[in-house]
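# Geometric and topological summary
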Amino acid sequence: KAGVTQTPRYLIKTRGQQVTLSCSPISGHRSVSWYQQTPGQGLQFLFEYFSETQRNKGNFPGRFSGRQFSNSRSEMNVSTLELGDSALYLCASSLLAGGNGQETQYFGPGTRLLVL
Amino acid sequence: AQSVTQPDIHITVSEGASLELRCNYSYGATPYLFWYVQSPGQGLQLLLKYFSGDTLVQGIKGFEAEFKRSQSSFNLRKPSVHWSDAAEYFCAVGILFSGGYNKLIFGAGTRLAVHP
């Protein structure tokens, strides 16, 4: 079974631009989460989607948004990019069966975004 | 507030030596605990997880971890380290939401170097 895939793997943008990152979960997985990884702040939760609905969001400004499609694929968008948005953006998927919270998140390789 | 502490930022061991990476968590409910490993430029790979039951859990690549509720710890161990184990290791706790899913809160990571 193929793992989580993310595109593109690398991206260079300039301040003020916007960017869209894509994530395809493991086949059959219905929940997709996004995380930002930076040297200063570490790994931080951005948001989680299930059945095309955002169920939870981390402490990030409104410039960060996302969506999920009916096939569980997800995109995240960052508008009006700032230098501090340079990071590795990781997507994770989980099966979400049982609903008891005992879910394992499987991560993709990430998209490395550099904002100049 | 929920948090994960990895006290050691860097650890260096000799190949063949034993390894223990420390992890302490703060979470009021039953914790779901994970260890992930990240090689340079890569995403996170799941090493092992603890949901319930036996407090000593086995993972991939010869790793194991022991959950100690009284110490709020989930330390990762390996009896004999290989050069290929050099990477960054992240401990995480899954925070359960009412929808039955969890988000991960990560520690800052421990970077492992292995000397030949």
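Source: prediction; values computed, not measured.

## Considerations on the overall build of chain A
- Scanning chain A from N- to C-terminus turns up zero helices and eleven strands.
- Secondary structure elements of chain A, listed N to C terminal, follow the sequence β-β-β-β-β-β-β-β-β-β-β.
- Taken over C-alpha atoms, the radius of gyration comes to 14 Å for chain A, in line with the 13 Å a tight globule of 116 residues would show.
- A principal-axis box enclosing the C-alpha atoms of chain A has dimensions of 45 × 25 × 25 Å.
- By residue count, 52% of the 116 residues in chain A fall in the buried class.
- Long-range contacts, defined as pairs at least 24 residues apart, comprise 55% of the intrachain contacts of chain A with a sequence gap of at least 6.
- Summed over its atoms, the accessible surface of chain A is roughly 5,300 Å², and 48% of this surface lies on carbon and sulfur atoms.
- Computed over 11 positive and 6 negative side-chain charges, the separation of the two mean positions in chain A equals 5 Å.

## Some points on the environment of B:V13
Residue and element names in this part refer to chain B.
- Mapping V13 onto the fold places it in strand 2 (residues 10-14).
- Between the C-alpha atom of V13 and that of K68, which follows or precedes it by 55 residues, the distance is 24 Å.
- Setting aside residues no more than four positions away along its own chain, V13 makes contact with S18, L19, V81, L112, A113, V114 and H115.

## A short note on the side chain of A:Q37
- In this fold, A:Q37 is placed in strand 4 (residues 31-38).
- You can call A:Q37 buried: its relative accessible area is 13%.
- Engagement of the side chain of A:Q37 in a polar contact is seen with the side chain of B:Q38, the distance being 2.9 Å.
- Filtering out sequence-adjacent residues up to four positions away, A:Q37 remains in contact with A:G42, A:L43, A:A87, A:L88, A:L90, B:Q38 and B:F90.

## Some words on a nonpolar patch on the surface
All names here are of chain A.
- Residues I12, L114 and L116 make up a contiguous nonpolar surface patch of about 300 Å² in total accessible area.
- Relative to the helices and strands, I12 resides in strand 2 (residues 10-13).
- Judged by its relative accessible area of 58%, I12 falls in the exposed class.

## What about the nonpolar core?
- Judged by nonpolar contacts, the single largest core of 29 residues is most densely connected at B:L19, B:W35, B:L47, B:L48, B:F74, B:L76 and B:Y89.
- For this core, the leading source of residues is strand 10 (residues 87-96) of chain B, giving five residues.
- Residues A:V4, A:L11, A:V19 and A:V115 belong to the second largest nonpolar core, which totals 21 residues.

## Some points on the pattern of salt bridges
- For the structure on display, the rule yields ten salt bridges over all chains.
- In this structure, A:E75 and A:R73 form a salt bridge, with 3.3 Å as the shortest nitrogen-oxygen distance.
- Look at A:E75 and you get buried, because its relative accessible area is 16%.
- Between B:K78 and B:D85 there is a salt bridge; the shortest N-O distance is 2.8 Å. Of the two residues, B:K78 and B:D85, neither departs from the other in class, the shared state being buried.
- Via salt bridges that share partners, A:R63, A:E82 and A:D85 belong to a single interconnected network.

## Section: the sheet that holds strand 8 (residues 74-78) of chain A
Residues and elements named next belong to chain A.
- The four strands lie next to each other as 1-3-8-7, forming an open sheet whose pairing is antiparallel. Each edge of the open sheet carries a strand with a single partner, namely strand 1 (5-7) and strand 7 (64-68). Taking the axes of each pair of neighbouring strands and ignoring which way they run, one obtains an average angle of 20° across the sheet.

## Describing the interface of chain B and chain A
- Between chain B and chain A, the contact holds 22 residues from the first and 22 residues from the second.
- For the pair chain B and chain A, the summed buried surface comes to about 1,900 Å²; carbon and sulfur atoms form 53% of the total.
- Considering only the surface of chain B that becomes buried against chain A, B:L44, B:Y101 and B:F106 emerge as the three largest contributors, covering 27% of it.
- In this assembly, chain B and chain A are joined by five residue pairs in polar contact (both at pLDDT 80 or more).
- The set of elements that each furnish at least two residues to the side of chain B that touches chain A consists of strand 5 (32-38), strand 6 (44-50), strand 10 and strand 11 (102-106) of chain B.

Thresholds applied
- Residues numbered from 1 in each chain as written.
- Chains lettered and ligands numbered in written order.
- Predicted model: local features only at pLDDT ≥ 70, side-chain atom pairs only at ≥ 80, totals over all residues.
- Heavy atoms only, no water.
- Helix = DSSP H or I, 4+ residues; strand = E, 2+ residues; numbered from the N terminus.
- Rg over C-alpha atoms; globule rule 2.2 N^0.38 Å.
- Buried < 20%, exposed > 50% of the residue type's maximum accessible area, 1.4 Å probe, protein only.
- Contact = heavy atoms within 4.5 Å.
- Areas by Shrake-Rupley, 256 points an atom, 1.4 Å probe, with all protein chains shown as cover.
- Lys, Arg positive; Asp, Glu negative; His and termini not counted.
- Charge placed at Lys NZ, Arg CZ, Asp CG, Glu CD.
- Polar contact = N/O pair within 3.5 Å; in protein donor to acceptor, adjacent residues only side chain to side chain.
- Patch = residues over 30% accessible without salt bridge, like charges linked within 9 Å, V, L, I, M, F, W, Y side chains within 5 Å.
- Salt bridge = Lys/Arg side-chain N within 4 Å of Asp/Glu carboxyl O.
- Core = buried A, V, L, I, M, F, W, Y, C linked by side-chain atoms within 4.5 Å.
- Pairing = 2+ DSSP bridges.
- Axes fitted to C-alpha atoms, helices over the stretch in contact; angles between N-to-C directions.
- Buried area = accessible area lost by both parts, 1.4 Å probe.

Nothing here speaks to function; it is all geometry.
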